[in-house]
Amino acid sequence: MRIKILTGWEAYEAAADIYVNGRNSMQDGSLLTLQSIATSSERSVVPESDWFKTYYNDDDNYADTMIQDAFKGSASTNFPGASPEQLEGVVFRLLQTLVTPMYSLQEMHKAINLCGSDPKAAEDAWDRGAALYVGSGEGTEAGGMGSGVLLHGLANEVCDKFGTCDDDGNAQANSDMIDFFQRGKESLSDGSCAALPNPTLPAKLIGDMRLAMIQGTLHFAAVNDKLGANSREGSIGEGFGASRSILPYLNQVNAFDSRTVDKNMAFPSSGGKPVPD
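Reading the values: the criteria
Residues numbered from 1 in each chain as written. Predicted model: local features only at pLDDT ≥ 70, side-chain atom pairs only at ≥ 80, totals over all residues. Heavy atoms only, no water. 1 Å grid on protein atoms, 1.4 Å probe; cavity = no way out; pocket = protein on both sides within 12 Å on 5 of 7 lines; lining within 4 Å. Points joined across faces, edges and corners; volume = space filled by probe spheres on them. Helix = DSSP H or I, 4+ residues; strand = E, 2+ residues; numbered from the N terminus. Nonpolar A, V, L, I, M, F, W, Y, C, P; charged D, E, K, R; others polar. Core = buried A, V, L, I, M, F, W, Y, C linked by side-chain atoms within 4.5 Å. Buried < 20%, exposed > 50% of the residue type's maximum accessible area, 1.4 Å probe, protein only. Contact = heavy atoms within 4.5 Å. Axes fitted to C-alpha atoms, helices over the stretch in contact; angles between N-to-C directions. Parallel < 35°, antiparallel > 145°, perpendicular 65-115°, else oblique. Left-handed = near helix turned anticlockwise from the far one by under 90°. Phe/Tyr/Trp six-rings, centres within 6.5 Å; stacked < 30°, edge-to-face > 60°. Lys NZ or Arg CZ within 6 Å of the ring centre and 35° of its normal.

A. A look at empty space enclosed by the protein. According to the stated counting rule, one finds four cavities of 30 Å³ or more in the structure shown. Taken as a whole, the largest cavity encloses approximately 70 Å³ of empty space. Together, Phe-52, Thr-97, Leu-98, Pro-101, Met-102, Leu-105, Ile-206, Met-209, Arg-210, Met-213, Ser-245 and Tyr-249 line the largest cavity. When residues of the lining of the largest cavity are traced back to their parent elements, those giving at least two are α6 (84-114) and α10 (203-224). Broken down by element, the lining of the largest cavity gets its largest block of residues, five residues, from α6. The class makeup of the residues in the lining of the largest cavity is nine nonpolar, two polar and one charged. In this structure, the second largest cavity spans a volume of roughly 50 Å³. Lining the second largest cavity, in full, are Ile-37, Ala-38, Ser-40, Arg-43, Tyr-62, Ala-63, Leu-98, Val-99, Met-102, Tyr-103 and Gln-106. Elements supplying a minimum of two residues to the lining of the second largest cavity: α3 (34-38), α5 (62-70) and α6.

B. Spotlight on the nonpolar core. Grouped together as the largest cluster of nonpolar side chains are 66 residues, with contacts concentrated most on Leu-105, Met-108 and Leu-205. It is α6 that provides the largest number of residues to this core, a total of 13 residues. When residues no more than four places from it in sequence are discounted, the contact partners of Leu-205 are Leu-105, Met-108, Met-177 and Phe-180.

C. Geometry of the environment of Val-253. If you trace the backbone, Val-253 turns up in helix α12 (residues 247-253). A relative accessible area of 70% means that Val-253 is categorised as exposed. With 14 residues separating them in the primary sequence, Val-253 and Phe-267 have C-alpha atoms 24 Å apart.

D. Representation of the packing of helix α9 (residues 172-190) against α10. Axis separation between α9 and α10 bottoms out at 10 Å; the angle between their running directions is 140°. If you check the angle between α9 and α10, you find them oblique. Seen from above, α9 lies across α10 with left-handed handedness. In contact with Ala-173, Asp-176, Met-177 and Phe-180 of α9, α10 contributes Lys-204, Leu-205, Asp-208, Met-209 and Leu-211. Residue classes in the contact of α9 with α10 are distributed as six nonpolar, no polar and three charged.

E. Quick look at α5. Counting buried positions along α5 gives seven out of nine residues, so the element sits mostly inside the fold. All of the buried residues in α5 are Tyr-62, Ala-63, Asp-64, Met-66, Ile-67, Asp-69 and Ala-70. As for α5, its buried residues are in contact with α2 (12-21), α3, α4 (49-55), α6 and α11 (235-243).

F. View of the packing of α2 against α5. The contact between α2 and α5 brings their axes to 10 Å, and the two run at 155°. Overall, the two elements α2 and α5 adopt an arrangement that is roughly antiparallel. Judged by residue contacts, Tyr-12, Tyr-19 and Val-20 of α2 engage Asp-64, Ile-67, Gln-68 and Ala-70 from α5.

G. Fine view of the packing of aromatic side chains. Using the criterion set out here, one finds 13 aromatic pairs in the structure. Consider the rings of Trp-126 and Phe-180, whose centres lie 5.5 Å apart with planes at 45°: the pair is tilted. Linking Trp-126 in helix α7 (residues 119-134) with Phe-180 in helix α9, this pair joins segments that are 54 residues apart in sequence. Taken as a pair, Trp-126 and Phe-180 share a single burial class, namely buried. Among the aromatic residues, those joined into a ring-pair cluster are Trp-51, Phe-52, Tyr-55, Tyr-56, Tyr-62 and Tyr-249. Positioned above the aromatic ring of Phe-92, the side-chain terminus of Lys-4 is 5.3 Å from the ring centre.

Printed below as a string of structure tokens:
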């Protein structure tokens with residue numbers, strides 16, 4: 001949240017400092033930074049990780065590359081002329097939909113692989129996977145407090161727009177994810193590994209995570225379609241950031257459709273209108 005606020009204030013150096021050096025989260029006695037999450041070499045344990053690297057021109061650190069460029073402000077290469085609110089949206093949604101979900105998947109896969117040999121390390125990895133999906137901002141209330149900034153928060157933010165909320169107004173996908181995390185935690189705690197998927201995560205869980213990314217992209221496409229040329233609205237940056245998380249998946253299914261989404265969610269050229277198609 002601090003990074004989001006500082007980027008919107010054009011305090012790019014301060015935002016980059018928190019991103020690179022961390023602030024609150026600890027792992028193995030040292031700060032766990034968002035940059036270390038974005039550049040983790042261990043993400044190769046996630047089967048889909050190669051799709052992202054390939055799609056983003058074989059850049060191992062594709063998300064970090066985009067975020068660091070946004071922190072350059074007016075000197076940015078990929079976002080020339082972007083407003084502070086748009087750069088804020090880029091960074092926030094990239095962290096929310098591209099960086100932390102991949103790390104969450106990474107830690108869940110690590111837990112599965114470690115369960116039989118190192119139960120304590122497996123349980124720690126599982127906890128990190130859950131934490132990087134939900135986030136501390138949701139608090140301890142069932143369904144969250146509505147102030148989360150990770151994928152759990154996005155799912156709750158958009159579910160009412162697509163009819164995918166549960167009876168309490170929270171995303172049904174989040175309820176399913178929390179249930180999955182709890183069952184996995186119980187298996188890790190008693191050392192049985194019985195409730196953990198083997199050898200990989202179930203397709204429904206991956207689908208639940210993608211759902212928020214897809215809904216977020218569609219939501220911002222609808223919002224930005226109403227904007228005129230040269231708009232400075234932050235939603236353009238948010239749409240760009242959210243869409244980066246689904247393009248590699250979509251490219252595996254239909255490259256033409258992936259290019260269409262990319263064209264419509266990309267930053268418009270000077271004088272161009274958002275969502276041109």
